[in-house]
Amino acid sequence: MQISVIGAGYVGCVTGICLAEIGHNVILVDKDPRKLETILSGKSPVFECGLDNLLIKNHQRIRTTGNIQKAVCETELTIVCVGTPQNEDGSTDLQFVKNVAASIGKAMESDNRFRTIIIKSTVLPGTTENIIVPILERESGKRAGEDFDIGMNPEFLKEGCAVEDFFHTDRIVVGAQNQKTRTVLDNLYRQLNAPIFYTSIKNAEMIKYVSNAFLATKISFANEIGNMCKAAGIDTDEVFSGVGMDTRISPHFFRSGIGFGGSCFPKDVNALIHFAELQGVDPRLLRATIATNDTQPLKMITLLKKHLDINRKKIGVLGLAFKPGTDDIRESRAFPIIRQLLQEGAEVLAYDPLAMVSFSAIIPGIQYISSAQDVVNTGTVLIVTEWEEFEHLDYHSALVIDGRRIRKAQKEAVIYEGICW
Ligand SMILES: NC(=O)c1ccc[n+]([C@@H]2O[C@H](COP(=O)([O-])OP(=O)(O)OC[C@H]3O[C@@H](n4cnc5c(N)ncnc54)[C@H](O)[C@@H]3O)[C@@H](O)[C@H]2O)c1
């Protein structure tokens, strides 16, 4: 198929490049010319294991442009992957989605080929039909379901293993108004042999939020229980292993730590809270999920202060990305931890294999060190991201507060405290 993917960020790059790998011709569109140049040079603008190799392997099937209208006119299927960040009140900022919808509509005005538009960006229930479709119809002078089709195909990738997730997904959710759209998406994903769940557009939008809200709640629940276990001298990990064996519960995403970050869980839970309030429902459980997640990273500093007065002390931080395997720092737990350390007068030295440049653009006032071992050698270290390489450092002379279970640190450190263990 001829496909245009609008927005070459984490979702757009993974989707576009992986669709090329299964034989489709893809035009990646972004308004940021630097991202397009990076793609042209054979590198993905976002780090995901295996993505660069797929980009190079499939370069003949991948083109780039900054011109949405041109890309739409040259393709039969357009997939919208632009960001949907959070407004201050928790609602979703739809400016990128609306701008893109207007451009797609304009492209359709001058071109009579029948095409399908798929929304992959995470948007609240009702957004596609009540906000995006009217823009497309207004700008194109055409009717959804008659002159073009619209569908919703939420994305469930996990950053850090997004390529693997694309090819081995648990399910593909397709929200569509008619059989024609379902058939287009069947053809799009046929090679993957993945189960496809067909539903309405509104339900597909809701499925994405409920999935993320459930996983986020499971993590906050694990953290609350983890805090309880540590205080009572109970082995948190053994408890979760025993509980997770129950298939109704499952061991996945069921571990205590310093909480969830990233571009999705915090904003999607907040958006669902906002949505619930609009429906007149009081989302107490979701609010508690966020509240637990906000306080959990700061527990690192409470534990550290049991052993040390941190004012004017050098404190090392290992890991800045919100999780290993990605350079993404959005909502990383490193932010509240480092801000609190600085507020309490500490001098912070930090290391991350991928995220130091982007992190330093937001927090410039700390020392970024190119060697993880040098950070450990400061004598006091907080482990914030579980990069595998942190299992190969020498912790013998360090006081370690561990948010992520680095076993070597647990074995070797002079003083060791796990966040919930
Ligand atoms: N990152 C994830 O793990 C993930 C997972 C599932 C769903 N999602 C959802 O997918 C969507 C995209 O997320 P992301 O992380 O890829 O965002 P991102 O910020 O990494 O990428 C969005 C891209 O869209 C581009 N863009 C914005 N406006 C544009 C325009 N008018 N024309 C062309 N390009 C434009 C931006 O330049 C950027 O490169 C969001 O709704 C997000 O909630 C993200």
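All values reported here derive from a predicted model rather than from experimental measurement.

**Here we look at the packing of aromatic side chains**
Right, so step 1: What the rule picks out here adds up to eight aromatic pairs.
Right, so step 2: For the pair F166 and F167, a centre-to-centre distance of 5.1 Å together with 75° between the ring planes defines the contact as edge-to-face.
Right, so step 3: According to the relative accessible area criterion, F166 is buried, its value standing at 9%.
Right, so step 4: Aromatic pair F166 and Y189: ring centres 6.5 Å apart, planes at 55°, arrangement tilted. Here F166, found in helix α7 (residues 162–167), pairs with Y189, found in helix α8 (residues 179–189); they are 23 residues apart in sequence, far enough to count as distant. Accessibility assignment for this pair places F166 and Y189 in one class, buried.
Right, so step 5: A connected cluster of aromatic rings, assembled from ring pairs, spans F166, F167 and Y189.

**Overview of the site of the ligand**
Right, so step 1: Close to the ligand lie 25 residues; D30, K35, T84, E159 and K267 are nearest.
Right, so step 2: Within the backbone of Y10, an N or O atom sits 3.1 Å from an oxygen atom of the ligand.
Right, so step 3: Between T122 and the ligand, the recorded distance is 2.9 Å, taken from a backbone N or O atom to an oxygen atom.
Right, so step 4: Considering the ligand on its own, with 840 Å² of exposed area, one finds that the protein chains cover 90% of that surface.
Right, so step 5: Sorting the residues of the shell around the ligand by element identifies α1 (10–21) and α5 (95–109) as the ones contributing at least two each.
Right, so step 6: Counted by class, the shell around the ligand contains ten nonpolar, seven polar and eight charged residues.

**Focus: the state of the cysteines**
Right, so step 1: This model, assessed by the stated rule, comprises zero disulfides.
Right, so step 2: For C13, which is in no disulfide, the shortest distance to another cysteine sulfur is to C81 and amounts to 9.4 Å.
Right, so step 3: In this structure C229 is a free cysteine whose sulfur lies 8.4 Å from that of C420, the closest cysteine sulfur available.

**A word on the domain arrangement of the protein chain**
Right, so step 1: When the domains of the protein chain are assigned, the result is domain 1 (2–199) and domain 2 (297–418).
Right, so step 2: Taking only C-alpha atoms into account, the centre of domain 1 sits 37 Å from that of domain 2.
Right, so step 3: Taken together, the contact pairs seven residues of domain 1 with nine residues of domain 2.
Right, so step 4: Together domain 1 and domain 2 conceal approximately 600 Å² of surface at their shared face, both sides included; 44% is due to carbon and sulfur atoms.
Right, so step 5: When the buried area of domain 1 at its contact with domain 2 is split by residue, Y10, F47 and E159 rank highest and sum to 80% of it.
Right, so step 6: Our enumeration of links across domain 1 and domain 2 arrives at one salt bridge.
Right, so step 7: A salt bridge links R330 to E159, with the shortest nitrogen-to-oxygen separation between them at 3.8 Å.
Right, so step 8: Seen at the junction of domain 1 and domain 2, the total is four residue pairs in polar contact (both at pLDDT 80 or more).

**A word on helix α2 (residues 33–40)**
Right, so step 1: Between a side-chain oxygen at the N-terminus of α2 and the backbone nitrogen of R34 the separation is 2.9 Å; the capping residue is D32.
Right, so step 2: Count one or two residues on from α2 and you reach G42, which has phi positive near 90°.

**Digging into the environment of V80**
Right, so step 1: Tracing the backbone through its elements, the reader meets V80 in strand β4 (residues 77–80).
Right, so step 2: A sequence separation of 38 residues divides V80 from I118, and the C-alpha atoms of the two residues are 6.2 Å apart.
Right, so step 3: Aside from chain neighbours lying at most four places away, what touches V80 is I6, V100, I104, I117, I118, I119, K120 and S121.

**Some words on the nonpolar core**
Right, so step 1: Ranked by internal contacts, the top residues of the largest apolar core, which has 50 residues, are L318, L341, F390 and Y395.
Right, so step 2: Looking at this core, the elements with two or more residues in it are α13 (299–305), β9 (314–318), α14 (334–343), β10 (347–351), α15 (356–362), α16 (372–376), β12 (380–383) and β13 (399–402).
Right, so step 3: When residues in this core are grouped by element, the largest group, five residues, is from α14.
Right, so step 4: Those residues in contact with L341 that lie beyond four places of it in its chain are I301, L304, I310, I315, V317, A346, V348 and L382.
Right, so step 5: With 35 residues, the next largest nonpolar core counts A8, I17, I39 and L55 among its residues.

**Re the sheet that holds β12**
Right, so step 1: Judged by pairing direction, the sheet is parallel, and its six strands sit side by side in the order β11-β10-β9-β12-β13-β14 without closing on themselves. The sheet is open, and its two borders are formed by β11 (367–368) and β14 (415–418), each paired with just one other strand.
Right, so step 2: Where β9 meets β12, three bridges bridge the pair, whose relative direction is parallel. Paired with V317 across the bridge in β12 is L382.

**Some remarks on the pairing of β13**
Right, so step 1: Where burial is concerned, the two faces of β13 agree: the one with L399 and I401 and the one with V400 and D402 are both buried.
Right, so step 2: Looking at chain direction, β12 and β13 are connected through four bridges and run parallel. If you follow L382 over to β13, its bridge partner there is I401.
Right, so step 3: Bridge count between β13 and β14: four bridges; the pairing is parallel. Across the sheet, L399 pairs through a bridge with I415, a residue of β14.
Right, so step 4: In this fold, β13 hands off to helix α17 (residues 407–412), which returns the chain to β14; that crossover is right-handed.

**Concerning the packing of α5 against helix α6 (residues 127–140)**
Right, so step 1: α6 packs onto α5 with a crossing angle of 35° between their chain directions and a minimal axis gap of 7 Å. Classified by chirality, the crossing of α6 by α5 is right-handed. Each of V97, K98, A101, A102, I104, G105, K106, M108 and E109 in α5 lies in contact with α6, whose residues at this interface are I131, I132, I135, L136, E139 and S140.
Right, so step 2: Across the contact of α5 with α6, the residue classes tally to nine nonpolar, two polar and four charged.

**Some words on the sheet that holds β4**
Right, so step 1: Strand order in the open sheet formed by eight strands is β3-β2-β1-β4-β5-β6-β7-β8, with mixed pairing between adjacent strands. Two strands bound the open sheet, and with one partner strand each, they are β3 (62–65) and β8 (196–199). If you compare each strand with its neighbour and ignore which way they point, the axes differ by 25° on average.
Right, so step 2: Note: strand β5 (residues 115–119) against strand β6 (residues 148–152), five bridges, orientation parallel. Of the residues in β6, the one forming a bridge with R115 is F148.
Right, so step 3: Docked against the sheet, α1 engages β1 (2–6), β2 (25–29), β3 and β4, running at close to 160° with respect to β2.

About the criteria used
- Residues numbered from 1 in each chain as written.
- Predicted model: local features only at pLDDT ≥ 70, side-chain atom pairs only at ≥ 80, totals over all residues.
- Heavy atoms only, no water.
- Phe/Tyr/Trp six-rings, centres within 6.5 Å; stacked < 30°, edge-to-face > 60°.
- Buried < 20%, exposed > 50% of the residue type's maximum accessible area, 1.4 Å probe, protein only.
- Helix = DSSP H or I, 4+ residues; strand = E, 2+ residues; numbered from the N terminus.
- Near = heavy atom within 4 Å.
- Polar contact = N/O pair within 3.5 Å; in protein donor to acceptor, adjacent residues only side chain to side chain.
- Areas by Shrake-Rupley, 256 points an atom, 1.4 Å probe, with all protein chains shown as cover.
- Nonpolar A, V, L, I, M, F, W, Y, C, P; charged D, E, K, R; others polar.
- Disulfide = S-S within 2.5 Å.
- Domains from an automatic or database assignment.
- Contact = heavy atoms within 4.5 Å.
- Buried area = accessible area lost by both parts, 1.4 Å probe.
- Salt bridge = Lys/Arg side-chain N within 4 Å of Asp/Glu carboxyl O.
- Core = buried A, V, L, I, M, F, W, Y, C linked by side-chain atoms within 4.5 Å.
- Pairing = 2+ DSSP bridges.
- Right-handed = clockwise from strand over helix to strand, strands pointing away.
- Axes fitted to C-alpha atoms, helices over the stretch in contact; angles between N-to-C directions.
- Left-handed = near helix turned anticlockwise from the far one by under 90°.

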